Amino acid sequence: MFRPYLFALMSLNKARSILLLLIIGFFLLGGGVSTHAQATFKGTIVDLETELPIPNASVFLANTTFGTSSDEQGKFTLTIPDGNYEVIIRILGYEGLTFNLPSSMVQPQGYRFKLVAVEEDLEEMEVSDVRDPSWYRNLDEFKRYFLGTSENSMKTEILNELSMILDDQSVPGSLIASSRDILKIDNINLGYRLEYLLDHFQNDYKSGIVTYSGFPLFIPDSKLSKGKLRKVERNRQEAYYGSLQHFLKAVYLGKTVSEGFEMRKLFREADPDRPGKFKDRVDTIPITSVAILENREKREFLEFSDYILVTYLREKESFLYANGLGRGPRDVQTSIIRMMNDSVEIFENGSLSDPFGIVVEGYMGWERVADLLPIDYVPSVEPNKGVQ
């Protein structure tokens, strides 16, 4: 069983350029998602010692829009599409549960979940106290690397940020972040409220490496007017087209060219004139998904050596991305992908069986939590060529 982690590595060089290596896993759950079949996942959540029901516990499928909460009797019911999911059960004051659940294995009689109570330090739980200036500096640092620096991140807010524990003392030269509660993140541009269970965050200042992981639930804003909903959908489409999720779906379907992607082999070699540095050589002949997919027993596997240069031809770079590299925006978006394993299964919804199966660097890696969409998102219209 794997966990849908997002593990990001960020390196900043002296020229202010940003190189982001993203070990994928945040939205890449194993298993396809289909609307042709559904399962009813139901259960009761109780206290392990007292057997009393636990109301208001969050129950959701990570990286999707499917979630609910337990009622006064501790009961819940969740209708889910066919697929393979990571289920999260969480409530303050109890140890949470995380487990894998294929919809084909859901038992119709339901389940009984017994949660273990944990002792909370009442003084530590107080979140209304005024923080010192260093805490707010650490908060700004956390949001920069967690939410990102894109246009969408500017309209994204952590509503309960005072629940965060920001520790820059335990590990010298590092910022470690955690939260006492599920983070409530309001993404205005994309029209979602995220309930994000933060599993890990660390910024190692010396190495310039940032790592983080977690489990999000996407809750669509149901109160949008028709006009705002149209604008939100345009923003979602812009976030989706050219993204890693879009690219992997196109690879699975064999539609990379028609979807606006160009792929070429990239060879990374050590630079003899600059010890510790490298230089890239790109093949002149484009390739298609046939070159990087293997079909075995009606299952598709992503397999390739070296690196793949992926260019999305239908959108310009964001000014904010280009500015971070100290130059103007280019007419296309470029990313570099390499395999971490010899082979990883790929599914129709753009998910991978191994969340650590590939590494992405460049434009796709620059997009962070504020640019994410649930794996069950489907754009309502085709992209307009050249629209940013």
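Note that the coordinates shown come from a computational prediction; the quantities given were computed from them, not determined experimentally.

Q: Hey, could you run me through the environment of Pro 379 in this one?
A: Along the polypeptide, Pro 379 turns up in the segment after helix H7 (363–366). For the pair formed by Pro 379 and Glu 238, sequence separation is 141 residues and the distance between their alpha carbons is 9.6 Å. Filtering out sequence-adjacent residues up to four positions away, Pro 379 remains in contact with Glu 233, Gln 237, Tyr 240 and Tyr 241.

Q: I would appreciate a short explanation of the nonpolar core in the present structure.
A: One broad trend across soluble globular proteins is that nonpolar side chains are buried collectively. Ranked by internal contacts, the top residues of the largest apolar core, which has 52 residues, are Phe 142, Phe 146, Phe 201, Phe 247 and Leu 302. Apart from residues no more than four positions distant in its own chain, Phe 247 is found in contact with Thr 256, Phe 261, Met 263, Val 310, Ile 337 and Met 364. Judged by nonpolar contacts, the second largest core, of 21 residues, contains Ala 57, Phe 66, Val 87 and Val 106.

Q: Would you take a moment to explain the pairing of strand S7 (residues 84–90) for this structure?
A: In terms of residue burial, S7 counts as a mostly covered element, since six of its seven residues are buried. When strand S4 (residues 58–61) meets S7, the two strands line up antiparallel, connected through four bridges. Looking at the pairing, Phe 60 lines up with Ile 88 of S7. Across six bridges, the pairing between S7 and strand S8 (residues 97–102) is antiparallel. Each bridged residue has a counterpart across the sheet, and for Glu 86 the counterpart in S8 is Asn 100. Between S7 and S8, which pair antiparallel and follow one another directly, the connecting turn spans six residues, one of which, Gly 93, has a positive phi of 95°.

Q: Explain the packing of aromatic side chains to me, please; I cannot follow it from the model alone.
A: To describe a pair of aromatic rings, one takes the distance between the centres and the angle between the planes. Inspection of every chain in the model, using the stated rule, returns 20 aromatic pairs. Where Phe 247 meets Phe 261, the ring centres are 5.2 Å apart and the plane angle is 70°; that geometry is what we call edge-to-face. Pair noted here: Phe 247 is in helix H5 (residues 244–253) and Phe 261 is in strand S16 (residues 261–270), with a separation of 14 residues, a long-range link. Phe 247 sits in the buried class, given a relative accessible area of 3%. Ring pairing ties together the aromatic residues Phe 41, Phe 76, Phe 99, Tyr 111 and Phe 113, which thus form one cluster.

Conventions adopted
Throughout, a residue's number is its position along its own chain's written sequence, starting from 1. It should be noted that, the model being predicted, local features are given only for residues of pLDDT at least 70 and side-chain atom pairs only at 80 or more, the latter also being counted only at that level, while totals for whole chains, interfaces and linings use all residues. The side-chain figures draw on all heavy atoms in the structure; neither hydrogens nor water molecules are used. We count a stretch as a helix when DSSP gives it H or I for four or more residues in a row; a strand needs E for two or more, and each element gets its number in order from the N terminus. Any pair of residues with heavy atoms lying within 4.5 Å of one another is described as a contacting pair. We define a nonpolar core as any set of buried Ala, Val, Leu, Ile, Met, Phe, Trp, Tyr and Cys residues linked to one another through side-chain atoms lying within 4.5 Å. When accessible area is computed with a 1.4 Å probe and restricted to protein chains, residues below 20% of their type maximum are described as buried, those above 50% as exposed, and intermediate ones as partly exposed. At least two bridges found by DSSP between two strands are what make those strands a pair. Centres within 6.5 Å are what make two rings of Phe, Tyr or Trp a pair, Trp counting through its six-membered ring; a difference in plane orientation under 30 degrees is then read as stacked, over 60 as edge-to-face, and the rest as tilted.

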